[in-house]
Amino acid sequence: MKDVIIACDFSGSGEVLDFLDGFSGCERKPFVKIGMELFYGAGPDIVRQIKMRGHRIFLDLKLHDIPNTVRKTMKVLSALDVDMTNVHAAGTIDMMKAALEGLTRPDGTRPLLIAVTQLTSTSEERMRNELLISAGMNETIAQYAMNAGTAGLDGVVCSPLEAAMVKERCGKDFLAVTPGIRFADSAADDQVRIMTPQKARLTGSDFIVVGRPITAAEDPVAAYQRCVTEFLG
Ligand code: C5P
């Protein structure tokens with residue numbers, strides 16, 4: 001189940017397909033994350049194209065709206081047959097339940113549904129001063145994760161620093177999908193709560209989401225292989 005997911009944060013289909021062509025000789029077909037930039041730029045067809053090439057897909061659109069809108073949108077997204085998608089836990093338990101309902105197909109199958117707790121670019125200071133959330137980061141994440149569990153979701157997106165705590169509160173089978181991954185020798189960029197792939201494995205992440213350390217590397221395939229080796233051992 002554990003895997004490395006490449007965050008394909010490109011704006012056009014040509015760019016992402018060229019990037020994925022580079023992995024055609026790879027024994028392991030990368031699990032790919034399609035985010036807002038690519039989805040809004042290239043449209044839903046890019047999901048179908050990448051799926052047809054045999055990649056598993058995490059559609060990272062972080063839905064956050066009223067429950068009815070989220071339910072109906074998830075119904076549309078479920079037809080794309082991705083493997084994983086997500087919402088913001090801040091949308092409340094009702095919204096997450098509606099998302100799950102919308103995503104579930106008539107035969108009962110559905111992609112994995114996870115919730116974003118706090119973005120890994122958000123610091124506790126910004127949470128307190130800008131969002132007026134006075135509870136600490138860990139407490140907030142634990143509560144958001146438990147809300148996601150109550151709504152019936154499969155797990156959360158969180159920083160690898162919080163994965164162990166999430167498992168402790170929500171059970172070992174509750175998924176921890178963790179961005180904010182950096183090699184020991186690479187730049188943090190705009191991420192604040194970061195960890196190496198190797199450490200993320202030790203703290204219990206199920207999936208690591210890695211963007212720029214792979215996409216901006218001189219040799220993306222080598223960077224991907226390094227992640228796989230560090231994370232999966
Ligand atoms: O380039 P980098 O490795 O920082 O990319 C991380 C990816 O994970 C981005 O696509 C970002 O949108 C996503 N993400 C995140 N923090 C979250 C949820 C998603 O960084 N809490």
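Throughout this document, residue positions are counted from 1 along each chain, in the order its sequence is written. Predicted model: local features are reported for residues with pLDDT of at least 70 only, side-chain atom pairs are reported and counted for 80 or more only, and whole-chain, interface and lining totals are derived from all residues. Water and hydrogen atoms were dropped before computing side-chain values, which therefore reflect all heavy atoms in the structure.

Some words on the site of the ligand
With respect to spatial proximity, 16 residues lie near the ligand, and among them Asp-9, Lys-33, Thr-120, Arg-182 and Arg-212 are the closest. A distance of 2.7 Å is found between an oxygen atom of the ligand and a side-chain nitrogen or oxygen belonging to Asp-9. Pairs of N or O atoms are called polar contacts if they sit within 3.5 Å, as long as, within protein, a hydrogen donor faces a hydrogen acceptor (for residues adjacent in sequence, only side-chain-to-side-chain pairs). Lys-33 has a polar side-chain atom sitting 2.7 Å from an oxygen atom of the ligand. Surface accessibility follows the Shrake-Rupley procedure with a 1.4 Å probe radius. Residue values consider only the protein chains on display as shielding. In the complex, the protein chains occlude 88% of the 470 Å² of accessible area that the ligand would expose alone. For the shell around the ligand, the elements supplying multiple residues, two or more each, are strand 8 (207–210) and helix 10 (212–215). One heavy atom within 4 Å of a molecule or strand makes the whole residue count as near it. Secondary structure is summarised from DSSP: a helix means a run of H or I of at least four residues, a strand means a run of E of at least two, and numbering begins at the N terminus for each.

Some remarks on the packing of helix 7 (residues 137–151) against helix 8 (residues 163–170)
Throughout, an axis means a line fitted to C-alpha atoms (over the contacting stretch in the case of helices), and angles, computed between N-to-C directions, take values from 0 to 180 degrees. Put simply, helix 7 and helix 8 touch, their axes get as near as 10 Å, and they point 45° apart. Compared by their axis directions, helix 7 and helix 8 come out oblique. Between helix 7 and helix 8 the crossing geometry is right-handed. On helix 8, the residues that touch Asn-138, Ile-141, Ala-142, Ala-145 and Met-146 of helix 7 are Met-165, Val-166, Arg-169 and Cys-170. Think of it as three bins: nonpolar holds Ala, Val, Leu, Ile, Met, Phe, Trp, Tyr, Cys and Pro, charged holds Asp, Glu, Lys and Arg, and polar takes everything else, Gly as well. A breakdown of the residues in the contact of helix 7 with helix 8 according to their chemical character gives seven nonpolar, one polar and one charged. Put simply, angles under 35 degrees are roughly parallel, angles over 145 are roughly antiparallel, angles from 65 to 115 are roughly perpendicular, and the rest are oblique. In this scheme, a crossing is called left-handed if the near helix is turned counterclockwise away from the far one by less than a right angle; it is called right-handed if the turn is clockwise. Every residue pair with non-hydrogen atoms within 4.5 Å of one another is taken to be in contact.

Focus: a negative patch on the surface
The patches reported here contain residues having more than 30% relative accessible area and no salt bridge. Joining distances are 9 Å for like charges and 5 Å for nonpolar side chains (Val, Leu, Ile, Met, Phe, Trp, Tyr). When a carboxyl oxygen of Asp or Glu lies within 4 Å of a side-chain nitrogen of Lys or Arg, that pair is called a salt bridge. Positive charges come from Lys and Arg, negative ones from Asp and Glu, while His and the chain ends are left out of the count. Note that the charge is assigned to NZ on lysines, CZ on arginines, CG on aspartates and CD on glutamates. Taken together, the side chains of Asp-9, Glu-15, Asp-18 and Glu-37 make up a negatively charged region of the molecular surface. One can find Asp-18 in helix 1 (residues 13–21).

Comments concerning the pairing of strand 1 (residues 3–7)
Where a strand is regular, its side chains alternate between the two sheet faces. Remark: exposure states derive from per-residue accessible area (1.4 Å probe, protein chains only) relative to the maximum for the residue type, with buried under 20%, exposed over 50%, and partly exposed in between. Most of strand 1 is tucked away: five of the five residues are buried. Across the two faces of strand 1 the burial is the same, with Asp-3, Ile-5 and Ala-7 and Val-4 and Ile-6 all buried. Strand direction decides the pairing type here: strand 1 and strand 8, joined by four bridges, are parallel. Across the sheet, the residue bridging to Val-4 is Ile-208, located in strand 8. Think of it this way: DSSP has to see at least two bridges between two strands before they count as a pair. Pairing of strand 1 with strand 2 (residues 31–35) involves three bridges; the strand directions are parallel. If you follow Ile-5 over to strand 2, its bridge partner there is Phe-31. Chirality of the crossover, the property in question, places the unit of strand 1, helix 1 and strand 2 among those that are right-handed. Orienting the strands away from the viewer, one traces the path from the first strand over the helix to the second; a clockwise path indicates a right-handed crossover.

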